[in-house]
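# A closer look at the structure
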Amino acid sequence: RMEDALAYGRELEQMAEKAWEEGFLFLAYGDKTTAEAVLQGQIYSIRVENSSYSGGAHPNSYTDGELFDLEMGQYIDPAQVADDPVAFQLGGTELLLAKADEQDAEIRSGYYPEYADVISHWYDGTVLFDGEGMTVVYSPYELGPYAMGTVELKASYEELAQLLGPGGLERLGLAEEEAQDPGGI
């Protein structure tokens, strides 16, 4: 991901040099990409943030992510974390739609009409796990206009426990916590 960002940065540099040579001195170009990884159990959540500007009303920005399973030694689909991937996808959709409806009125009023369909495919997007739970990130333009910004829908492990199943909790390093706290997570 960072190599792709670097390649785009080099293209942007060439665009800026060409604009300069053609006399467009007032154009500003910029590109910034950052990445962070969080290890939760055997799953690394890798978050990549990008913002680039090559003219226009505002920069283009997005958040992307990957999940890497250390035990499997490969990148995985978010649904693979759970014992029953299909149940996790369906239950996650219900939970995330409820979370979207809990957002403040200003955000809810900006949702595109098809926002529920976009959310129902949450597992195809940026899904991250950390010590708090699962975060699904929607970049500008995914759920609504640029002015809405990035929308993050978060679900706690307590809300996700049944959807993940015992193996899912173990993959996320939470099985020990559950064993120590018989009342739940």
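Cut-offs used in this document
Residues numbered from 1 in each chain as written. Predicted model: local features only at pLDDT ≥ 70, side-chain atom pairs only at ≥ 80, totals over all residues. Heavy atoms only, no water. Pairing = 2+ DSSP bridges. Helix = DSSP H or I, 4+ residues; strand = E, 2+ residues; numbered from the N terminus. Axes fitted to C-alpha atoms, helices over the stretch in contact; angles between N-to-C directions. Salt bridge = Lys/Arg side-chain N within 4 Å of Asp/Glu carboxyl O. Buried < 20%, exposed > 50% of the residue type's maximum accessible area, 1.4 Å probe, protein only. Contact = heavy atoms within 4.5 Å. Expected span 1.5 Å × (residues − 1). Arc of directions from axis to C-beta. Parallel < 35°, antiparallel > 145°, perpendicular 65-115°, else oblique. Left-handed = near helix turned anticlockwise from the far one by under 90°. Nonpolar A, V, L, I, M, F, W, Y, C, P; charged D, E, K, R; others polar.

### Regarding the sheet that holds strand 2 (residues 43-53)
- Taken together, the four strands give an open sheet; going across it, the order is 1-2-3-4, and neighbouring strands pair in antiparallel fashion. Looking at the sheet topology across the chains shown, the edges are occupied by strand 1 (30-40) and strand 4 (74-76). Put simply, the sheet's adjacent strands are angled 30° from each other on average, direction ignored.
- With three bridges joining them, strand 3 (residues 60-69) and strand 4 adopt antiparallel strand pairing. Looking at strand 4, one finds that Leu67 is bridged to Ile76.

### Structural notes on the pattern of salt bridges
- For the structure on display, the rule yields six salt bridges.
- One salt bridge in this structure joins Glu22 and Lys18, with 4.0 Å as the shortest N-O distance.
- Looking at Glu22, the relative accessible area reads 48%, which means it is partly exposed.
- With a closest N to O distance of 3.7 Å, Lys154 and Glu152 form a salt bridge.
- Judged by relative accessible area, Glu152 falls into the partly exposed class, the value being 29%.
- What emerges from the salt-bridge pattern is a single network uniting Arg47, Glu49, Glu152 and Lys154.

### Quick word on the environment of Tyr62
- Mapped onto the elements of the fold, Tyr62 is located in strand 3.
- We classify Tyr62 as partly exposed; its relative accessible area is 36%.
- Along the chain, Tyr62 and Thr33 lie 29 residues apart, while their C-alpha atoms are 9.7 Å from each other.
- Among residues more than four places away in sequence, those in contact with Tyr62 are Val48, Glu49, Asn50 and Ser139.

### Overview of helix 1 (residues 2-21)
- Taking 1.5 Å per residue as the helical rise, helix 1 with its 20 residues ought to reach 28 Å, and the 29 Å between its terminal C-alpha atoms agrees with that figure.
- For helix 1, every residue scored as buried is listed here: Ala5, Leu12 and Ala19. Along helix 1, the residues classed as buried sweep out an arc of 35° about the axis, all on the same side. Facing away from the buried side of helix 1 by more than 90 degrees, the exposed set consists of Glu3, Gln14, Lys18 and Glu21.
- If you follow the buried residues of helix 1, they end up packed against strand 1 and strand 2.
- Gly23 lies just past helix 1 and shows a positive phi near 90°.

### A few points about the sheet that holds strand 6 (residues 133-138)
- The strand order 5-6-7 describes an open sheet built from three strands, whose pairing is antiparallel. Both edges of this open sheet fall to strand 5 (126-129) and strand 7 (151-156), since each of them pairs with a single strand only. Neighbour to neighbour, the strand axes of the sheet diverge by 20° on average, direction disregarded.
- Note: strand 5 against strand 6, four bridges, orientation antiparallel. Pairing of Val127 across the sheet is with Val136, part of strand 6.
- Of the strands in this sheet, strand 5, strand 6 and strand 7 are in contact with helix 2 (residues 85-101), which crosses strand 7 at around 120°.
- Contacts between helix 5 (residues 157-171) and the sheet are confined to strand 5, strand 6 and strand 7, with strand 7 contributing the most and set at about 70° to the helix.

### So, the packing of helix 2 against helix 5
- Between helix 2 and helix 5, the shortest axis-to-axis distance is 8 Å and the interhelical angle comes to 160°. With respect to each other, helix 2 and helix 5 are oriented roughly antiparallel. Remark: the crossing between helix 2 and helix 5 carries right-handed chirality. Side by side, helix 2 and helix 5 meet where Ala87, Phe88, Gly91, Gly92, Leu95 and Lys99 of the first sit next to Glu159, Leu160, Leu163 and Leu164 of the second.
- Class assignment of the residues belonging to the contact of helix 2 with helix 5 gives a composition of six nonpolar, two polar and two charged.

These results come straight from atomic positions and should not be treated as a statement about function.
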